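Take a look at the letters that make up each chain.
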Amino acid sequence: MSLLVVGLSHRSAPVSVLERASLAADTQAKLLQDTLAAEPATEAAVLATCNRIELYADVDKFHAGVAELSTLLAQHSGVGLDELTPYLYVHYEDRAVHHLFSVACGLDSMVVGEGQILGQIKDALARGQELHTAGRLLNDLFQQALRVGKRAHSETGIDRAGQSLVTFGLQQLAAGADPGLWARGKRALVIGAGSMSSLAAATLARTGVAEIAVANRTRARADRLVEILRQGDDTTVRARAVEMSAVGDELTRADIVVSCTGSTGLVLTADALADALGTTLDAPAETPAVTLAAIPAPADVDQHAAWVENGSATSAPQTPAAPAAAPRRVTLPAQSTGPVKLALLDLAMPRDIDGAAHRIDGVRLVDIESLADASADAPMAADVDQVRTIVADEVAAFGAAQRAAHVAPTVVALRTMAADVVAGEIARLDGRLPDLDEKQRAEITQTVRRVVDKLLHAPTVRVKQLASEPGGAGYADALRELFDLDPQTVAAVSRADLNDPNRGRS
């Protein structure tokens, strides 16, 4: 079996496609269950964030796996396969491991170095464990990705290379001013009470806003977030929870609005915003909006927007590449040039706030798409190279561990067979020499066991060493063939290891 990932992200697809392809929680669960039901896959996990959707699976056939996972992503996202295909990337075996470890370190984030992705990876693993779709491989992979991400943040200055999406968004709203000075004393409205909204509320509180109102469809979650904000030692913010039905009234008092919900439709329409400000929606400008060059594809074409990696010893088998997407250009509407009365930060995917809000006098809107463009030229810290070295080392170590683990059930089966042979011969000896006393019988038994253990020690230790090297998977097959091991016995050891309730826990 081999690791395969098929996905799309802000680097390979425009926001309009990501928005349509976003997966609700129940859809993610159905996708995982359908993936496991598909013939090529035995394990599955889905990593779905505001700017990426990735399906991980342990498959026994590469081409069939790519076709099946791509089809499943299209079916559950609602975006046609023909339309989705040009934006999909595929990573296989070591390249798939490298990709997830890079994601965990924040190297593949919209804002390089942001740490929120670790929580999202943890959630993806928990979902796979809860639904029993993540087995030994994906448990090991995602647990190790979390450790690699934490290591990158603790051993390097990757945090200096970028901030959380919330912090970066507030910087864009401040339009060059110091975010702390810009936000100080303002009133904020946070819509949603999930992880991103909670992060936004905490960031706003630390930034120095005077008041935060939290609106959420489930009032209890809004109340909980407000309680957390009130208990913060580093803020004096006034926090209160409000009903979603009160959002219209809150808009008339707010200076800053941050929205990140799981809604599939707009939460704030342009008309509602215009009404709150007591103004009207301006007619679309006749002059063309400024067109910005899209984020360039990275030099490493293995990593993004490619079906398979070519020319690498660890790459997937050769296969025709998908049609390349045309160079993407993003057209951003011109923002209001007058005084900003209401600053809007939309961190949802699909979007919560009507894009036409930019046509309202006094409104400044920053959303996922504009953040992507703003971050395209963000400076890369020297620490990024150090993180890449960490990722490369961890990928090699993970591969070696997985290859060694692959041979372990065969070694266990060999030792089990040897123990059975010893037990059989001792029983045969008891039949021939029934007058042996207990001490003699124990000494003979111990002697035979020592002989067998010494004979097996060197080859079993050596086969584990050899198996950890690239291409070492064949040593397990050779061991099974040489000692005529029952494949069912080896499989039983693997299943017992997989079902160990303590495996993958940390």
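Just above, that's the structure.
A. A look at the overall build of the chain. Of regular secondary structure, the chain possesses 19 helices and twelve strands. Here the contacts in the chain between residues at least 6 apart in sequence split such that 75% fall between residues at least 24 apart. Per element, the accessible surface of the chain, about 23,700 Å² overall, is 52% carbon and sulfur.

B. View of the pairing of strand β5 (residues 187-191). With four of five residues buried, β5 is to be regarded as a mostly interior element. In the classification by handedness, the crossover that spans β5, the intervening helix α11 (residues 195-207) and the parallel strand β6 (residues 211-215) is right-handed.

C. Quick look at the sheet that holds strand β2 (residues 41-49). Sheet architecture is open: four strands sit in the order β2-β3-β1-β4, paired in antiparallel fashion. Looking along the sheet, the strands with just one partner apiece sit at the ends: β2 and β4 (89-92). Averaged over neighbouring strand pairs, the angle between their axes works out to 15 degrees when direction is ignored. Two elements, strand β1 (residues 2-9) and strand β3 (residues 52-59), share eight bridges in a ladder whose sense is antiparallel.

D. Expanded view of the pairing of strand β11 (residues 342-346). Burial analysis of β11 places five of its five residues in the buried class, which makes it a mostly covered element. Side-chain alternation along β11 places Leu-342, Leu-344 and Asp-346 on one buried face and Ala-343 and Leu-345 on a second face that is also buried. Note that strand β8 (residues 256-259) and β11 share four bridges and pair parallel. By the bridge assignment for β11, Val-258 is matched with Leu-345. Alignment of β11 against strand β12 (residues 363-367), held across five bridges, turns out to be parallel. Across the sheet, residue Leu-344 finds its bridge partner in β12, namely Leu-365.

E. Main features of empty space enclosed by the protein. Under the criterion given, the structure shown has four cavities of 30 Å³ or more. Here the largest cavity is characterised by a volume of approximately 110 Å³. In terms of residues, the lining of the largest cavity owes the most to one element, helix α6 (residues 116-130), which gives three residues. Here the lining of the largest cavity is composed, by residue class, of six nonpolar, five polar and two charged. Volume-wise, the second largest cavity comes out at about 50 Å³. Taken together, Val-15, Glu-19, Asp-346, Ala-348, Met-349, Arg-351, Asp-367, Ile-368 and Glu-369 make up the full set of residues lining the second largest cavity. Across the lining of the second largest cavity, the residue classes tally to four nonpolar, no polar and five charged.

F. Representation of unusual backbone geometry in the model. Following Met-349, the chain continues into Pro-350 via a peptide bond in cis, with omega recorded as 5 degrees. Along the chain, Pro-350 turns up in the loop between β11 and β12. Even without a glycine there, the phi angle at Glu-93 is positive, about 50 degrees. The topology assignment puts Glu-93 in the loop between β4 and α5 (94-104). Positive phi values are uncommon outside glycine, yet His-132 reaches one of about 60 degrees. In this structure, His-132 sits in the loop between α6 and α7 (136-155).

G. Molecular detail of the nonpolar core. Counting 70 residues, the largest nonpolar core has Leu-4, Leu-165, Leu-204, Ile-212, Ile-256 and Leu-347 as its most contacted members. Among the nonpolar cores identified, the runner-up in size contains 35 residues, and Leu-47, Ala-124, Phe-142 and Val-391 belong to it.

H. Structural context of the packing of α6 against α7. The contact between α6 and α7 brings their axes to 10 Å, and the two run at 165 degrees. Viewed along their axes, α6 and α7 adopt a mutual orientation that is roughly antiparallel. Viewed along their axes, α6 and α7 form a crossing whose handedness is left-handed. From α6, Leu-118, Ile-121, Lys-122, Ala-124, Leu-125 and Gln-129 reach across to α7, where they touch Leu-138, Asn-139, Phe-142, Gln-143, Ala-145, Leu-146, Gly-149, Lys-150 and His-153. Across the contact of α6 with α7, the residue classes tally to eight nonpolar, five polar and two charged.

I. Expanded view of the side chain of Asp-354. Inspection of the secondary structure puts Asp-354 in the loop between β11 and β12. At 7.0 Å, Arg-359 is the nearest oppositely charged side chain to Asp-354, a buried residue that forms no salt bridge. Beyond its immediate sequence surroundings of up to four residues, Asp-354 is in contact with Leu-266, Leu-268, Thr-269, Ala-270 and Leu-365.

J. Just the pattern of salt bridges, in detail. Evaluated as defined, the whole model comprises 23 salt bridges. For Asp-60, the salt bridge identified is with Lys-61, shortest N-O distance 3.8 Å. Here Arg-441 makes a salt bridge to Asp-430, at a shortest N to O gap of 2.8 Å. Of this pair, Arg-441 sits in helix α17 (residues 438-467) while Asp-430 sits in helix α16 (residues 383-432), placing them eleven residues apart in sequence. Sharing partners across several salt bridges, the network here consists of Glu-211, Arg-238, Arg-240, Glu-250 and Arg-253.

K. Representation of the packing of aromatic side chains within the structure. Taken as a whole, this structure holds three aromatic pairs when the rule is applied. Note on Tyr-56 and Phe-142: the rings are 5.4 Å apart at their centroids and 80 degrees apart in plane angle, and the pair reads as edge-to-face. Remark: Phe-142 occurs in helix α7 and Tyr-56 occurs in strand β3; sequence separation between them is 86 residues. Accessibility classification places Tyr-56 together with Phe-142 in one group, the buried group. Taking the centre distance of 5.9 Å and the plane angle of 80 degrees together, the rings of Phe-101 and Phe-398 count as edge-to-face. Of the two residues, Phe-101 is situated in helix α5 and Phe-398 in helix α16; the sequence distance between them amounts to 297 residues. Like Phe-101, the residue Phe-398 is buried in the burial classification.

L. Representation of the packing of α5 against α7 in the model. For the pair α5 and α7, interaxial distance at closest approach is 8 Å and the crossing angle is 45 degrees. With respect to each other, α5 and α7 are oriented oblique. By crossing handedness, the relation of α5 to α7 is classed as right-handed. Across the interface between the two elements, Val-97, Leu-100, Phe-101 and Ala-104 from α5 touch Leu-141, Phe-142, Gln-144, Ala-145, Val-148 and Gly-149 from α7. Residues that form the contact of α5 with α7 fall into these classes: eight nonpolar, two polar and no charged.

Reading guide: rules and limits
- Residues numbered from 1 in each chain as written.
- Predicted model: local features only at pLDDT ≥ 70, side-chain atom pairs only at ≥ 80, totals over all residues.
- Heavy atoms only, no water.
- Helix = DSSP H or I, 4+ residues; strand = E, 2+ residues; numbered from the N terminus.
- Contact = heavy atoms within 4.5 Å.
- Areas by Shrake-Rupley, 256 points an atom, 1.4 Å probe, with all protein chains shown as cover.
- Buried < 20%, exposed > 50% of the residue type's maximum accessible area, 1.4 Å probe, protein only.
- Right-handed = clockwise from strand over helix to strand, strands pointing away.
- Pairing = 2+ DSSP bridges.
- Axes fitted to C-alpha atoms, helices over the stretch in contact; angles between N-to-C directions.
- 1 Å grid on protein atoms, 1.4 Å probe; cavity = no way out; pocket = protein on both sides within 12 Å on 5 of 7 lines; lining within 4 Å.
- Points joined across faces, edges and corners; volume = space filled by probe spheres on them.
- Nonpolar A, V, L, I, M, F, W, Y, C, P; charged D, E, K, R; others polar.
- Core = buried A, V, L, I, M, F, W, Y, C linked by side-chain atoms within 4.5 Å.
- Parallel < 35°, antiparallel > 145°, perpendicular 65-115°, else oblique.
- Left-handed = near helix turned anticlockwise from the far one by under 90°.
- Lys, Arg positive; Asp, Glu negative; His and termini not counted.
- Salt bridge = Lys/Arg side-chain N within 4 Å of Asp/Glu carboxyl O.
- Phe/Tyr/Trp six-rings, centres within 6.5 Å; stacked < 30°, edge-to-face > 60°.

Geometric values such as these leave the question of function open.
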